[in-house]
2 protein chains.
Amino acid sequence: MEVQMRRRGRRYRFGPLLCLFSLSLRSVSGVWPFPQSFSSSPERFSLQPDAFSFTYGPESAAGTGTGAGCSVLDEAFVRYFRLIFPDYFHKQRPSLRPAPDSSFTLVVSVDQDECDGYPTQDSSERYNLSVTVGGGALNAESVWGALRGLESFSQLVYQDHSGTYYINKTVIEDFPRFPFRGILLDTSRHYLPLHAILQTLDGMAYSKFNVFHWHIVDDPSFPYQSRTFPDLSSKGAYHPFTHIYTQTDVRKVIAHARLRGIRVLPEFDSPGHTSSWGKGQPDLLTPCYSGSSPNGRFGPVNPSLSSTFQFMSTLFKEVSLVFPDSFIHLGGDEVDFTCWKSNPDVVAFMKKMGFGTDFTKLEAFYMESIVNITTALNRTAIVWQDVFDYHEKRGLLSVVEVWRSSCYLCKMRRATRAGLRVILAAPWYLDLPGPTHHWTPFYNVRPLNFKGQSEWRAVSNTCLITHIIT
Amino acid sequence: MEVQMRRRGRRYRFGPLLCLFSLSLRSVSGVWPFPQSFSSSPERFSLQPDAFSFTYGPESAAGTGTGAGCSVLDEAFVRYFRLIFPDYFHKQRPSLRPAPDSSFTLVVSVDQDECDGYPTQDSSERYNLSVTVGGGALNAESVWGALRGLESFSQLVYQDHSGTYYINKTVIEDFPRFPFRGILLDTSRHYLPLHAILQTLDGMAYSKFNVFHWHIVDDPSFPYQSRTFPDLSSKGAYHPFTHIYTQTDVRKVIAHARLRGIRVLPEFDSPGHTSSWGKGQPDLLTPCYSGSSPNGRFGPVNPSLSSTFQFMSTLFKEVSLVFPDSFIHLGGDEVDFTCWKSNPDVVAFMKKMGFGTDFTKLEAFYMESIVNITTALNRTAIVWQDVFDYHEKRGLLSVVEVWRSSCYLCKMRRATRAGLRVILAAPWYLDLPGPTHHWTPFYNVRPLNFKGQSEWRAVSNTCLITHIIT
């Protein structure tokens, strides 16, 4: 219990941001989420900060001996030392050297040298950890797995009432049930300062989340400062200088996430949810008509103009250069057809394309074009479930994110049957009054509890937040 | 006066770190250091944060219109908006839009597009700034000059007692007298946390300093975490995990400095001042002898072993990859010959090399070798004045830093006569009790007040700090 409390007080400052769920409820232990296999003994060993060390195993691909050279792990050793011994610098310490037999070394070995790369959908996060007298061994296939093991190791350490650090004899074998464990932050409705995003990434690492789904723009504001289209933020952000993410900010987020084994998945949602885009990009949005003349309002992105796709192509080219992850989220949710229906140019385009009066065909045409643009940029597109619902050529789709709460398992079943990969967000909206105040439903979710689930290729889950009050 | 006080309270939190000198004493004004040409009028214009903007000039090489795309200036606009209007986010603001005629735009134009590069010794920092009703124009040859102009502009803005922001009609033409205006931080005697270094860089930018001379290692500790020789920090730092600068830390320092037009000049001082190096690199330091046997102590780097130069070559190769600046500081000061004299291998080497008993020749041989290593890496070496004093082949030397207080102008004269470039540090030691408590001597320095100064090629000055209490 001491462990739990210490860690709560120290790390879980962003409790509301964290979707802390374990997919099976077991007995309380110091490691969270509960590992696949966990055994510990009452036998415990004291840890002395001055006699504690991380080191690379002799066979490790990432480094050898006391050696460094693996940026991901070098940085992690620094970070976890401070997390494991939080009061090390605040306490009066005796100047005596610790006794030789008090030394404790955690030997970290990884099979693959991915030290300078980014975590991917296919990265192994598997690790084995054993702790015994005088030291521990942490073995992983990749540095990302080693990070998860370091997190678990740090959670095993606790202090007694006199402040002495202890760790119990322990053996852990662990790997994640799902390869995609995300947190979505919406930085359009509420601008989040950079430090809040970085702290969220810290919090994610403590619970082994591995995807930061950055819903970076939306109707209310466009805080992403584009190099090619700077007016998008200078006119579409809440403020052109104070409420934006500069290229340096974005780089900082990606670098901070990488060192914690977290992918940054950018979402540029269109054709709906784009009001703010229109302020800095003329002719992008559809002018709405009242009768035969424009009424001054604007609707979704205008799919009847070739300039729209030229713009999107240039924007996504930049995005693919800025964000290294091979996935990109294209949105596609909640498109209101009213404005499209009112606009004579859009109606004429519908006729020309043979869509009749079925605006879902226009929407499908638009999304198909955008998916093609990002596919050409070597990116796998993710779309909200709406696109799956109306899209005829489902072969083009790859990953669908289920967000509507009504019978989300039905949707999971249909999408996986269609051979798609699915991200589940529906039951984990932290901003909804109910679930926010009662955590039980979050834990009771059974993402694979639908018929024919054996057909799924890779079902993943995310935890979606649409409103963060800053 | 309001400007001065506001800025002191807000920005000069690191007063003791800043060597605020003007080379000629003039009347008080809002801009610091005092520009080469400055004229202002009592006519003043109010600035409304909501109606204020930075923009790129139409002819600017760095961007156009409201456009972005120049990382150095995009980031500077964000930073200076917050510095100019510090209470913008804390005050209750009326929701009304500002009146149209209250808008103020500073149009920034630069001739050269160096947005993604680093400032260099040859970078122009010249700028012209004019402020009139409704707007201002800032013109510079490079983005680095534009940064200096933005700093000056920000210093012109002040608030009256009701909180309204004002700027007076002003014309400034400015360029620095010396191209090298440095601050030295010693992070070996006292480890400085990363944030303290970053804040020092902020403080430097406020006074237009442009070189961060990072005296990163020395006798007491080796906090630089080398990729190729990780034991240097894991055994030579005050603490292997908490008192080091990781590669990520170093990158952060360089990036933070770049965005402020500050070069990062690393110093790896040898052959003296290297006690901490020996802990992680066996056989690097000279074993000292008492009589015919080693006494367990170590002296300077051992210049009699070829392994020494192999090590130095590998280390400096890494350093040249990590630090982009074309200059590197090799130290070379205060070498104590006692240990060399006691060591039979060194003595034998002296004999073999024909140095007789003149150990300055051995020191010169060592420094010459190190200079050659860094020259091959396309780096210009800086050495402390000691090397100039004993070095016979002065043609190898390029830049000398004068640090000894005794007749430093004599030394300036001799070095410039020898055709060398000189950095002056001697009169600006902030840690010395006298000058620290009395600022006048700092301002009274006349760096060029020596005979034959017309012979100098490029005399530069720095401001040296050897002890920072953290």
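Values in this document were obtained by computation on a predicted structure and should not be read as measured data. Each chain has its residues counted from 1, running along the sequence as written. Lettering for chains starts from A, numbering for ligands starts from 1, and both go in the order in which the items are written. With pLDDT at 70 or above as the cut-off, local features in this predicted model cover only qualifying residues; side-chain atom pairs require 80 or more to be listed or tallied, and sums for whole chains, interfaces and linings still use all residues. Only hydrogens and water are removed before side-chain values are computed, so all heavy atoms of the structure are retained for them.

A word on the overall build of chain A
In step 1: If you tally the helices and strands in chain A, you get 15 helices and 17 strands.
In step 2: Exposure categories follow from relative accessible area, calculated using a 1.4 Å probe and restricted to protein chains: below 20% of the type maximum is buried, above 50% is exposed, and the middle band is partly exposed. Among the 470 residues that make up chain A, the fraction classed as buried is 59%.
In step 3: We call two residues contacting when some pair of their heavy atoms lies within 4.5 Å. For chain A, long-range pairs separated by at least 24 residues make up 73% of all intrachain contacts whose partners lie at least 6 apart in sequence.
In step 4: Per-residue accessibility takes into account occlusion by the displayed protein chains alone, with areas from the Shrake-Rupley method and a 1.4 Å probe. Carbon and sulfur atoms provide 53% of the accessible area of chain A, an area that totals close to 19,000 Å². Secondary structure elements follow DSSP: runs of H or I of four or more residues count as helices, runs of E of two or more count as strands, with numbering from the N terminus.

What to know about helix α13 (residues 408-417) of chain A
Residue and element names in this part refer to chain A.
In step 1: For α13, every residue scored as buried is listed here: Tyr 408, Lys 411, Met 412, Ala 415 and Thr 416. Relative to the axis of α13, the buried residues are bounded by an arc of 125 degrees and lie together on one face.
In step 2: Looking one or two places after α13, you find Gly 419, whose phi comes out positive at around 85 degrees. Think of it as the arc spanned by the lines of direction from the helix axis to the C-beta atoms.

Regarding the pairing of strand β13 (residues 327-331) of chain A
Residues and elements named next belong to chain A.
In step 1: Buried residues dominate β13, accounting for 5 of its 5 residues.
In step 2: Where burial is concerned, the two faces of β13 agree: the one with Phe 327, His 329 and Gly 331 and the one with Ile 328 and Leu 330 are both buried.
In step 3: As judged from the 2 bridges shared by strand β10 (residues 263-270) and β13, these two strands associate in the parallel manner. When the sheet's bridge partners are listed, Ser 270 is paired in β13 with Gly 331.
In step 4: Here the rule is simple: two strands pair whenever DSSP picks up at least two bridges between them. Both β13 and strand β14 (residues 380-384) contribute to a ladder of 3 bridges, which runs parallel.

Points about the environment of A:Gly291
Residue and element names in this part refer to chain A.
In step 1: Looking at where Gly 291 falls in the secondary structure, it is placed in the loop between β11 (285-290) and β12 (293-301).
In step 2: Judged by its relative accessible area of 68%, Gly 291 falls in the exposed class.
In step 3: For the pair Gly 291 and Leu 377, spaced 86 residues apart in sequence, the C-alpha to C-alpha distance is 41 Å.

Observations concerning the relation of the copies chain A and chain B
In step 1: Here chain A sits on chain B after a turn of 180 degrees about the axis and a move of 0.0 Å along it, with an RMSD of 0.0 Å. The symmetry that links the two subunits is that of a two-fold axis. Within chain A, A:Lys252 has its C-alpha nearest the rotation axis, a separation of 4.7 Å.
In step 2: When the interface residues of chain A are mapped onto chain B, 100% of them again fall at the interface, so both copies present the same face. Least squares is the method used to superpose the copies, on C-alpha atoms of residues holding a pLDDT of at least 70 in both.

Section: the pairing of strand β5 (residues 135-140) of chain A
All names here are of chain A.
In step 1: Note: strand β3 (residues 104-110) against β5, 6 bridges, orientation parallel. Within β5, the position partnered with Leu 106 by the bridge is Gly 136.
In step 2: Sheet topology places strand β4 (residues 127-132) next to β5; 6 bridges connect them, and they run antiparallel. Across the sheet, the residue bridging to Ser 130 is Ala 137, located in β5.

Concerning empty space enclosed by the protein
Residues and elements named next belong to chain B.
In step 1: Points on a 1 Å grid, built from protein atoms alone, make a cavity when a 1.4 Å probe fits but cannot get out and make a pocket when they are open with protein on both sides within 12 Å along at least 5 of 7 lines; residues with an atom within 4 Å of a point are the lining residues. Grid points are joined across faces, edges and corners, and a volume is the space filled by probe spheres set on the points. In this structure the tally under the stated criterion is 11 cavities of 30 Å³ or more.
In step 2: The volume enclosed by the largest cavity comes to roughly 70 Å³.
In step 3: Around the largest cavity, the lining residues are Pro 119, Thr 120, Gln 121, Ser 123, Glu 125, Trp 144, Arg 148, Pro 179, Asn 210, Gly 261 and Arg 263.
In step 4: Looking at the lining of the largest cavity residue by residue, the class counts come to 3 nonpolar, 5 polar and 3 charged. In this count, Pro and Cys sit with the nonpolar residues alongside Ala, Val, Leu, Ile, Met, Phe, Trp and Tyr, while Asp, Glu, Lys and Arg are called charged and the others, Gly among them, polar.

Here's the deal with the interface of chain A and chain B
In step 1: Across the boundary between the two partners, chain A contributes 33 residues, which contact 33 residues of chain B.
In step 2: Contact between chain A and chain B buries roughly 2,600 Å² in total, counting both sides, with carbon and sulfur atoms accounting for 56%.
In step 3: A quick way to say it: buried area is the sum, across both parts, of accessible area lost when two parts are put together, with a 1.4 Å probe. A per-residue breakdown of the area chain A buries against chain B is headed by A:Arg227, A:Phe241 and A:Thr242, which together make up 24% of the total.
In step 4: Think of a salt bridge as a Lys or Arg side-chain nitrogen and an Asp or Glu carboxyl oxygen that are within 4 Å of each other. In this structure, the connection of chain A to chain B is made through 2 salt bridges.
In step 5: Ionic pairing is found between A:Asp116 and B:Arg227, a salt bridge with its closest N-O pair at 3.6 Å.
In step 6: Identification of polar contacts relies on pairs of N or O atoms within 3.5 Å, with a donor-acceptor requirement for protein atoms, meaning one able to donate a hydrogen and the other able to accept it, and with residues adjacent in sequence counted only if both atoms are side-chain atoms. At the boundary of chain A and chain B, one finds 6 residue pairs in polar contact (both at pLDDT 80 or more).

Quick word on the packing of aromatic side chains
All names here are of chain B.
In step 1: Under the pairing criterion, centres of Phe, Tyr and Trp rings, with the six-membered ring standing for Trp, must be within 6.5 Å; the plane angle then separates stacked pairs below 30 degrees from edge-to-face pairs above 60, leaving the rest tilted. Enumeration according to the criterion identifies 68 aromatic pairs over all chains in this entry.
In step 2: A centroid spacing of 6.2 Å and a plane angle of 50 degrees characterise the contact between Phe 52 and Phe 81, whose relative ring orientation is tilted. Of this pair, Phe 52 sits in strand β2 (residues 52-56) while Phe 81 sits in helix α2 (residues 71-84), and the two are 29 residues apart along the sequence. Neither residue differs from the other here; Phe 52 and Phe 81 are each classed as buried.
In step 3: Where Phe 52 meets Phe 85, the ring centres are 5.3 Å apart and the plane angle is 75 degrees; that geometry is what we call edge-to-face. Here Phe 52, found in strand β2, pairs with Phe 85, found in the loop between α2 and β3 (104-110); they are 33 residues apart in sequence, far enough to count as distant.
In step 4: Take Phe 52: its relative accessible area is 4%, and that puts it in the buried class.

Some words on the pattern of salt bridges
In step 1: Tallied over the full model, the rule gives 22 salt bridges over all chains.
In step 2: Two residues, B:Arg126 and B:Glu141, come together in a salt bridge whose shortest N-O distance is 4.0 Å. With B:Arg126 in the loop between β3 and β4 (127-132) and B:Glu141 in the loop between β5 (135-140) and α3 (143-156), this residue pair connects regions lying 15 residues apart in the sequence.
In step 3: Take B:Arg126: its relative accessible area is 40%, and that puts it in the partly exposed class.
In step 4: The exposure class assigned to B:Glu141 is partly exposed, which follows from its relative accessible area of 30%.
In step 5: Each member of the salt-bridge network shares a partner with another, and the members are A:Glu125, A:Arg148 and A:Arg181.

Description of the packing of α2(B) against α3(B)
Residue and element names in this part refer to chain B.
In step 1: α3 packs onto α2 with a crossing angle of 10 degrees between their chain directions and a minimal axis gap of 10 Å. When the axis of α2 is compared with that of α3, the two are roughly parallel. Here Val 72, Leu 73, Ala 76, Phe 77, Arg 79, Tyr 80 and Ile 84 of α2 come into contact with α3, specifically with Val 143, Trp 144, Ala 146, Leu 147, Leu 150, Glu 151, Phe 153 and Ser 154. All axes here are fitted lines through C-alpha atoms, helices being fitted over the stretch that makes contact, and every angle between N-to-C directions spans 0 to 180 degrees. Relative orientations are named as follows: roughly parallel for angles under 35 degrees, roughly antiparallel for angles over 145 degrees, roughly perpendicular for angles from 65 to 115 degrees, and oblique for any other angle.

Quick look at the packing of helix α4 (residues 194-206) of chain B against helix α6 (residues 247-258) of chain B
Residue and element names in this part refer to chain B.
In step 1: In contact at an axis separation of 10 Å, α4 and α6 are set at 10 degrees when each is read in the N-to-C sense. Taken together, the axes of α4 and α6 lie roughly parallel to each other. Judged by the twist between their axes, the crossing of α4 over α6 is right-handed. The segment α4 lies against α6, with Leu 194, Ile 197, Leu 198, Leu 201 and Asp 202 engaging Asp 249, Lys 252, Val 253, His 256 and Ala 257.
In step 2: Of the residues assigned to the contact of α4 with α6, the class counts are 6 nonpolar, 1 polar and 3 charged. Less than a right angle of anticlockwise turn of the near helix away from the far helix marks a crossing as left-handed, whereas a clockwise turn marks it as right-handed.

Observations concerning the state of the cysteines
Residue and element names in this part refer to chain A.
In step 1: Sulfur atoms of two cysteines make up a disulfide when they are within 2.5 Å. Within this structure, the stated rule accounts for 6 disulfides over all chains.
In step 2: Two residues share a disulfide in this structure: Cys 70 and Cys 115, whose sulfurs sit 2.3 Å from each other. Taking the torsion about the S-S bond as the criterion, the Cys 70 to Cys 115 disulfide, at about -105 degrees, is left-handed. Highlighted residues: Cys 70 in the loop between β2 (52-56) and α2 (71-84) and Cys 115 in the loop between β3 and β4, separated in sequence by 45 residues.
In step 3: The exposure class of Cys 115 is buried, given its relative accessible area of 2%.
In step 4: Each disulfide pairs two cysteine sulfurs, and for Cys 407 the partner residue is Cys 410, the sulfurs being separated by 1.4 Å.
In step 5: By relative accessible area, which is 46% here, Cys 407 ends up partly exposed.
In step 6: For Cys 410, a relative accessible area of 24% gives the class partly exposed.

Description of the confidence of the model for chain A
Residue and element names in this part refer to chain A.
In step 1: Summary of the metric used: pLDDT quantifies the predictor's per-residue confidence within the range 0 to 100. For chain A, per-residue confidence averages 86 on the pLDDT scale, and 84% of positions sit at 70 or higher.
In step 2: A low-confidence stretch, residues 455-470 stays under pLDDT 50, and its non-local contacts, those more than four residues away or across chains, total 71 contacts.
In step 3: Interface predicted TM-score (ipTM) for the complex: 0.83; the corresponding pTM is 0.87.

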